[in-house]
Every structure is written in structure tokens, then in C-alpha cells.
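Structural description and commentary
Take a look at the letters that make up each chain.
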Amino acid sequence: MLIRRREFLQIGSLATASLMMPKFLQAFSKRALPLPGNKVVVVIQFSGGNDGLNTVIPIRNDIYYTARPTLGITKNNALLLTDGVGLHPALTTLRDLYDDGSLGILNGVGYPNPDRSHFRSMDIWQTGANSDEFITTGWIGRYLDAQCSGCDKPTSAMEIDDILSLALKGENNNGIAFKDPGRLYNTSNENYFKDINAAHATGETTADYLYKTMSETLSSADYIFRQSKLRASTALYPDTQFGKDMKTISSLIQSDIDTRIYYVSIGSFDTHVNQEGQQKRLFAEFSDAIKVFTDDLKKNNRFNDVLLFTFSEFGRRVSQNASGGTDHGTANNIFLIGGGLKQKGMINPLADLTDLDEGDLKYTIDFKTVYATILNKWLNANDTGILGKQYGYLDFI
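A short tour of the structure in this document, coming up. (Residues numbered from 1 in each chain as written. Predicted model: local features only at pLDDT ≥ 70, side-chain atom pairs only at ≥ 80, totals over all residues. Heavy atoms only, no water.)

A word on the pairing of strand β6 (residues 157-160). Both faces of the sheet carry side chains from a regular strand, because those side chains alternate between them. Alternating positions in β6 separate into two faces, Ala157 and Glu159 on one and Met158 and Ile160 on the other, with burial throughout. Pairing of β6 with strand β7 (residues 176-178) involves three bridges; the strand directions are parallel. Paired with Met158 across the two strands is Ile176, which belongs to β7. (Buried < 20%, exposed > 50% of the residue type's maximum accessible area, 1.4 Å probe, protein only. Helix = DSSP H or I, 4+ residues; strand = E, 2+ residues; numbered from the N terminus. Pairing = 2+ DSSP bridges.)

For the rest of this paragraph, the subject is helix α11 (residues 367-378). Between its first and last C-alpha, α11 extends 16 Å over twelve residues, near the 16 Å set by a 1.5 Å rise per residue. Burial analysis of α11 places ten of its twelve residues in the buried class, which makes it a mostly covered element. Buried residues of α11: Phe367, Lys368, Thr369, Val370, Tyr371, Ala372, Thr373, Ile374, Leu375 and Trp378, and no others. Where α11 begins, one side-chain oxygen reaches toward the backbone nitrogen of Lys368, 2.9 Å away; that side chain belongs to Asp366. Once α11 finishes, Asn380 follows within two positions and takes phi at roughly 55°, a positive value. (Expected span 1.5 Å × (residues − 1). Polar contact = N/O pair within 3.5 Å; in protein donor to acceptor, adjacent residues only side chain to side chain.)

Turning next to the packing of aromatic side chains. One pass over the full model with this rule turns up 14 aromatic pairs. Consider the rings of Phe46 and Phe269, whose centres lie 4.9 Å apart with planes at 40°: the pair is tilted. Linking Phe46 in strand β1 (residues 40-47) with Phe269 in the loop between β8 (261-267) and α10 (275-299), this pair joins segments that are 223 residues apart in sequence. When sorted by exposure, Phe46 lands in the same class as Phe269, which is buried. With 4.0 Å between their ring centres and 10° between their planes, Trp139 and Tyr371 make a pair best called stacked. One end of the pair, Trp139, is in helix α5 (residues 139-148); the other, Tyr371, is in helix α11, and 232 residues separate them in sequence. On the basis of relative accessibility, which here comes to 2%, the residue Trp139 falls in the buried class. Each residue in the set Tyr111, Trp125, Trp139, Tyr263, Phe309, Phe311, Phe367 and Tyr371 is aromatic and connected to the rest through ring pairs, giving one cluster. The ring of Phe303 has Lys298 sitting right over it, with the charged end atom 5.0 Å from the ring centre. The aromatic ring of Tyr391 is capped on one face by Lys389, whose charged end is 5.2 Å from the ring centroid. (Phe/Tyr/Trp six-rings, centres within 6.5 Å; stacked < 30°, edge-to-face > 60°. Lys NZ or Arg CZ within 6 Å of the ring centre and 35° of its normal.)

A word on the side chain of Thr310. Note that Thr310 resides in strand β9 (residues 306-311). Within the structure, Thr310 has its side chain in polar contact with the backbone nitrogen of Phe335 (distance 3.0 Å).

Before going further, it helps to spend a moment on the pattern of salt bridges. Taken as a whole and judged by the stated rule, the model has 15 salt bridges. For Lys179, the salt bridge is made with Asp245, and the minimal N-O distance between the two is 3.3 Å. In this pair, Lys179 is assigned in the loop between β7 and α6 (181-188) and Asp245 in helix α9 (residues 241-254), connecting sequence segments 66 residues apart. Between Glu285 and Arg281 there is a salt bridge, and its shortest N-O distance comes to 3.8 Å. Here Glu285 and its partner Arg281 are both found in helix α10, four residues apart, which amounts to about one turn of the helix. A residue is classified by how much of its surface remains accessible, and Arg281, at 43% relative accessible area, is partly exposed. When salt bridges that share partners are traced, they join Arg116, Arg317 and Asp360 into one network. (Salt bridge = Lys/Arg side-chain N within 4 Å of Asp/Glu carboxyl O.)

Time to look at unusual backbone geometry. Ser268 follows Gly267 through a cis peptide bond whose omega is 15°. Mapped onto the fold, Ser268 is located in the loop between β8 and α10. A positive phi angle, near 50°, is found at Glu358, a position not held by glycine. Within the fold, Glu358 resides in the loop between β11 (345-346) and β12 (365-366).

Below, the discussion takes up the nonpolar core. Counting residues in each nonpolar core, the largest one holds 45 residues, and the members touching the most others are Val42, Ile44 and Met246. Residue contributions to this core peak at eight residues, all from α10. Apart from residues lying up to four places away in sequence, Val42 is in contact with Met246, Ile249, Ile253, Tyr262, Phe293, Val306, Leu307, Leu308 and Phe309. Among the nonpolar cores identified, the runner-up in size contains 42 residues, and Trp125, Cys148, Ala167 and Ala372 belong to it. (Core = buried A, V, L, I, M, F, W, Y, C linked by side-chain atoms within 4.5 Å. Contact = heavy atoms within 4.5 Å.)

This next bit is on the packing of helix α3 (residues 92-99) against α10. Their axes nearest at 7 Å, the elements α3 and α10 cross at an angle of 40°. Classified by the interaxial angle, the pair formed by α3 and α10 is oblique. Note on element contacts: α10 touches α3 through Phe286, Ser287, Ile290, Lys291, Thr294 and Lys298, opposite Thr92, Thr93, Leu94 and Leu97. Partitioned by chemical class, the residues of the contact of α3 with α10 number four nonpolar, four polar and two charged. (Axes fitted to C-alpha atoms, helices over the stretch in contact; angles between N-to-C directions. Parallel < 35°, antiparallel > 145°, perpendicular 65-115°, else oblique. Nonpolar A, V, L, I, M, F, W, Y, C, P; charged D, E, K, R; others polar.)

Moving on, we get to the packing of α9 against α10. Taken N-terminus to C-terminus, the directions of α9 and α10 make an angle of 15°; their axes are 9 Å apart at the nearest point. With respect to each other, α9 and α10 are oriented roughly parallel. Seen from above, α9 lies across α10 with right-handed handedness. For the pair α9 and α10, the contacting residues are Gln241, Phe242, Gly243, Met246, Ile249, Ser250, Ile253 and Gln254 in the first and Glu285, Phe286, Ala289, Ile290, Phe293, Asp296 and Leu297 in the second. Among the residues making up the contact of α9 with α10, the classes are represented as nine nonpolar, four polar and two charged. (Left-handed = near helix turned anticlockwise from the far one by under 90°.)

Next up, the structure:
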């Protein structure tokens, strides 16, 4: 019994990097690989609730500075975009992308009846649910269900992490999560896992799921590892975790792998205390990696095919707290980065600080409209079927 339990735990650990896929075990040599130029989405999650007001700054708004007497970023310190808008001083790469027409900014993005719990609001964003709905599949997972039903494209969505987020879990198809292709490959080639897989007989219903996912991971690990080395990026990325993650994504984009969506996180932006230093450090890490990543894509003629967008589960309160930080808020901004943007710069106005919801920003764009736009216009998918209703489209792509 102890041996069986140990097997389940080890298999479960490996299975976090797996996906459920009909016909998965067909030989990879039969895979129809996409030609370079296929559209790719990179989702960057600012975990913890980033403070949007100190990210895209209303540098001429007295209400902002009154609400944040010590935390507000002055016009002299901000990176100026327009006469009335500045960026956080650590976001130098985004200012450069703004200047060359590769950055779009959406303001006031959120949803009705917002929830200020990290876990619940992140679930809402990752599933594409309304605040009064509880959905067990993610919006990317449902994209996989719709696009990959019965096909042999098990690597259509990847998360650069050890644990798969809800966003990439579908009813029948999941994304795959791994931190490093080499480590995934080495783990999958351990004799222990191969022996268990070879010895398992179906019918043990309580264990079948773990064995199945392990088998699928063993089959995919070699392919992912080979593709990551096929055209491995030679660019010098920052020696940070986010820098390493973006290098992995760049190498895979430049290979012939069939991945359409990459998902990666950076954080924590939960800055209740001493926000200034924490946000500055995270934005510097983000900015340095995005600089190399975008230059890498441009050098290899892939920048026009890749759309990056950032999101956070919520913004922060308009007023600073007594601890040099900000508390959980509501609406926030989204950065859009890519060579294929049709709308650039400040796509819509900043949030109105004269019209608040009990001290919080009011949303003006439902985040599901952003998802619908990307699904329909960039990924050529049935957004209505994936999101459950028609949300309309924006014009940034």
C-alpha cells in the first residue's frame, strides 16, 4: 500500500506537466507542423494584483496626488508618454515600444461586481466567468477543446511553470506545464517512471488518470526538448527567472513547434506594504526581459506574428494605505505588445478619478471582450462558443 501511494505521489508530480488529448500517442512524426508565421499569443500574468495607477500614471491629476501623498509618482520621475500620461520609471522598454508603435494600452479593464479576493478574482479572469458564475474550465482550456478535439496537437498551449493554471484546463484537453524543457526531458526519461508506465494495466479507475497523464507526458517531453534546441535563442537574456522563462518561449516560437498560446507569470505584486521598492524591482525584471525578447523576435522576423498581453487579477485602491502600499482594488490596465497592432498607444482614456466606486476604479472594458478579440481576430477561433456568449470585439488587432 505504501509503495502504491508513493507511486501516485510521484506520478502526480510528473502529471502536472501533462495534458489530456485523444489520439495523443500517435507518433510525433505524423504531426503536421505549422509553417513559420502562424499567430502566437503570449499571456503574461502579473500575479498578486498590480497597482495600475502607479503603472500608467495620470501625471496631471491632482486627485491622484492627493490620494497618494507619498506613493504617487511625480511627472519628473515618470516616463512621459503624453502631456498627461506617464509610465512607471522602471518600464523603460515599454516606453521604447510605445515610441516605435509596438505598444497599446487598455485602461479600466475589469468586470461587473468585482471580487477583491485573490483566489476568486484570479479564477474569474482565468475561466472567463462572470462574478456570479463558478466554472471549472479555463478560457484557454476551452480553446483547446474547441480547436484540438480529436487532433494530434498536444502542445497547442504551454505554461512555463511547474503547475498548470486553471486557465489552461479544458473539459477534454489541457495545456502542458513545465519550467524547463531539459528538466522535463530528464525527468520523463527516468527508468522509474518508464517501468511504472510499462507495468500498468488499465482498469484501476482511481489511478488511471494519473497513469494516462504520465504516459502522455513521457511522449511529449522528448518532442518539446528537441524543438527547444532546434533554433535555441542565442540572445543574452537576463539571469532572472522571468528572463529564463522568456528565453524558453522565444526558442520555442522560433522552432517548428505547433504552440499557439504561451502562459507565464511574474510576481508577487500584492503590495500592501512598501510598494515602491517591490513594484520597481518586478517592473525592472519584466522590462529587462521584454527588451531582449522583443529584440529577439524582431531579429528573427517573428515580431509581427506574436501578440503579448499582460493582466492582473485586480488593481489596487486609489488611496494609499498607512503602510506605504495599496490594498486590493478593481479595474486595471492591460499592455498589448506586438508588431501586428492596429491601434497603438493610449487606446482608450485613463480611468476617471472623479467617478469612483467606494474608492475603487470603475471598469469601462470587460476583460472578456479582450479575450474575444484575441480568440476571434488573432487565433481564428469561435470566441462565442469558447466564452459562452458574444462580447463584441475591440480594434487593437
